[in-house]
Amino acid sequence: MATAAARLQQARRLPGVEGVWVFIAADMAMFGLLFVSFMLERQKNLALFEHSRHTLDANFGGINTLILLTSSWFVVLAVDAAKRNRVQRVAPCLAAAMICGFAFTVSKALEYADKLRSGISMLTNDFYMYYFALTGIHLLHVAAGCVVLAVLWKRARAGTYNSAQCVGLECGASYWHMVDLLWILLFPLLYLLR
Amino acid sequence: MSILLKPAALIWLLLMLATCTTTWWLSKDAFPATVATVATVLIAAFKARLVLLNFMEVRHAPLPWRLMFEAWVLLVTAAVLSIYLQTPMNT
């Protein structure tokens, strides 16, 4: 029995259901194209992109990266707790991940407000068009992720997730990690390339 | 705590350190722009791969899935770097 279980454990599998992974792959492909398109536009207009980039505050971007990484880490802990049948620990971990998601959203809102106050909008130039579009699309992903985490949290509080039943949790976790992964690449492109 | 958990904690720490390195150290003017940028993009790719393999558990995914995601990281990084390096006056 033990070896059979171990073999099952070692079997190659994707967490959650395959449909979520098809969505993740499609989403990543779209972002990949947007990244390349940003780079090509930057190539055409380097002076403008470099000048505009200097108005961004890398501290915001860096702190946001740390926030999302930590959020992802809490989600890893939540999935791990469920798999170990530490049912009580799942919900607090998800709550912590959700709070990080909210913190990211607030930080982004402050950043946007600062830009708009300085008279900078999506229409200012091509760099800001990309800046607002890319970070905006990503922010929508964060907002959707917070809703997903809230649903998972509510269900975890009811004790839904354990080692025998964690597919839903895994689906949400995989999506949330992807949101983190996309920001990891988006942040240096917009804020750090020189 | 457990075999599964310990590496994940180390990976989280590594990701945090890598982020601090690119954001608040490599971005300083003391580093030549091209060197700092290439290093920053490579570190970002490394971080993305860490998240994919460890947090998203792609390390244990069926091989075609794993290869597809690894290829995505490789392609995006190669495209970004080659366009960056072909952009004139990037120093």
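Conventions used here
Residues numbered from 1 in each chain as written. Chains lettered and ligands numbered in written order. Predicted model: local features only at pLDDT ≥ 70, side-chain atom pairs only at ≥ 80, totals over all residues. Heavy atoms only, no water. Helix = DSSP H or I, 4+ residues; strand = E, 2+ residues; numbered from the N terminus. Buried < 20%, exposed > 50% of the residue type's maximum accessible area, 1.4 Å probe, protein only. Phe/Tyr/Trp six-rings, centres within 6.5 Å; stacked < 30°, edge-to-face > 60°. Axes fitted to C-alpha atoms, helices over the stretch in contact; angles between N-to-C directions. Parallel < 35°, antiparallel > 145°, perpendicular 65-115°, else oblique. Left-handed = near helix turned anticlockwise from the far one by under 90°. Nonpolar A, V, L, I, M, F, W, Y, C, P; charged D, E, K, R; others polar. 1 Å grid on protein atoms, 1.4 Å probe; cavity = no way out; pocket = protein on both sides within 12 Å on 5 of 7 lines; lining within 4 Å. Points joined across faces, edges and corners; volume = space filled by probe spheres on them. Expected span 1.5 Å × (residues − 1). Polar contact = N/O pair within 3.5 Å; in protein donor to acceptor, adjacent residues only side chain to side chain.

A. The arrangement of the environment of Leu81 of chain B in detail. Residues and elements named next belong to chain B. Counting through the fold element by element, Leu81 comes out in helix 3 (residues 63–86). Given the relative accessible area of 13%, Leu81 is considered buried. For the pair formed by Leu81 and Val38, sequence separation is 43 residues and the distance between their alpha carbons is 6.9 Å.

B. Region of interest: the packing of aromatic side chains. Residues and elements named next belong to chain A. On inspection of all chains with the given rule, the structure shows 19 aromatic pairs over all chains. Seen in terms of ring centroids, Phe23 and Tyr175 are 6.2 Å apart; in terms of plane orientation they differ by 35°. Their pairing is tilted. Here Tyr175 lies in helix 7 (residues 167–192) and Phe23 lies in helix 2 (residues 18–44), a separation of 152 residues in the sequence. Tyr175 sits in the buried class, given a relative accessible area of 10%. Taking 5.5 Å as the distance between ring centres and 50° as the angle between the ring planes, the aromatic pair formed by Phe38 and Phe49 counts as tilted. A residue pair is termed long-range when its members are at least 10 positions apart, and Phe38 in helix 2 and Phe49 in helix 3 (residues 46–53) qualify at 11 residues. Assessed through its relative accessible area of 2%, Phe49 is described here as buried.

C. Local environment of the packing of helix 5 (residues 87–117) of chain A against helix 6 (residues 126–157) of chain A. All names here are of chain A. Relative orientation of the contacting elements helix 5 and helix 6 amounts to 155°, with a least axis distance of 9 Å. In terms of orientation, helix 5 lies roughly antiparallel with respect to helix 6. Note on packing geometry: the crossing formed by helix 5 with helix 6 is left-handed. Tallied by class, residues from the contact of helix 5 with helix 6 come to 20 nonpolar, 5 polar and 4 charged.

D. Examining the environment of Leu140 of chain A more closely. Residue and element names in this part refer to chain A. By secondary structure assignment, the location of Leu140 is in helix 6. Looking at Leu140, the relative accessible area reads 63%, which means it is exposed. Separated by 35 residues in the primary sequence, Leu140 and Thr105 have C-alpha atoms spaced 9.5 Å apart.

E. Representation of empty space enclosed by the protein in the model. The final tally for this structure, using the stated rule, is 3 cavities of 30 Å³ or more. Forming the walls of the largest cavity are Phe35, Leu185, Pro188 and Leu189 of chain A together with Val41, Ala44, Val76, Thr77 and Val80 of chain B. Only helix 7 of chain A together with helix 2 (33–55) and helix 3 of chain B provide two or more residues apiece to the lining of the largest cavity.

F. Spatial organisation of the layout of surface pockets. Size it by volume and the second largest pocket reaches roughly 230 Å³. In terms of lining residues, the second largest pocket is bounded by 14 residues, among which Arg53, Ala58, Tyr191 and Leu192 of chain A together with Ser27 of chain B are the most central. Secondary structure elements with two or more residues in the lining of the second largest pocket: helix 3, helix 4 (58–83) and helix 7 of chain A together with helix 1 (5–24) of chain B. Looking at the lining of the second largest pocket residue by residue, the classes come out as 5 nonpolar, 4 polar and 5 charged.

G. Representation of helix 6 of chain A in the model. All names here are of chain A. For helix 6, built from 32 residues, the straight-helix expectation of 46 Å at 1.5 Å per residue is met to within 8% by its first-to-last C-alpha distance of 46 Å. At the N-terminal boundary of helix 6, the capping side chain belongs to Asn125, with an oxygen 2.9 Å from the backbone nitrogen of Phe127. A positive phi of about 80° marks Gly159, the residue just after helix 6.

These values are about where atoms sit, not about what they do.
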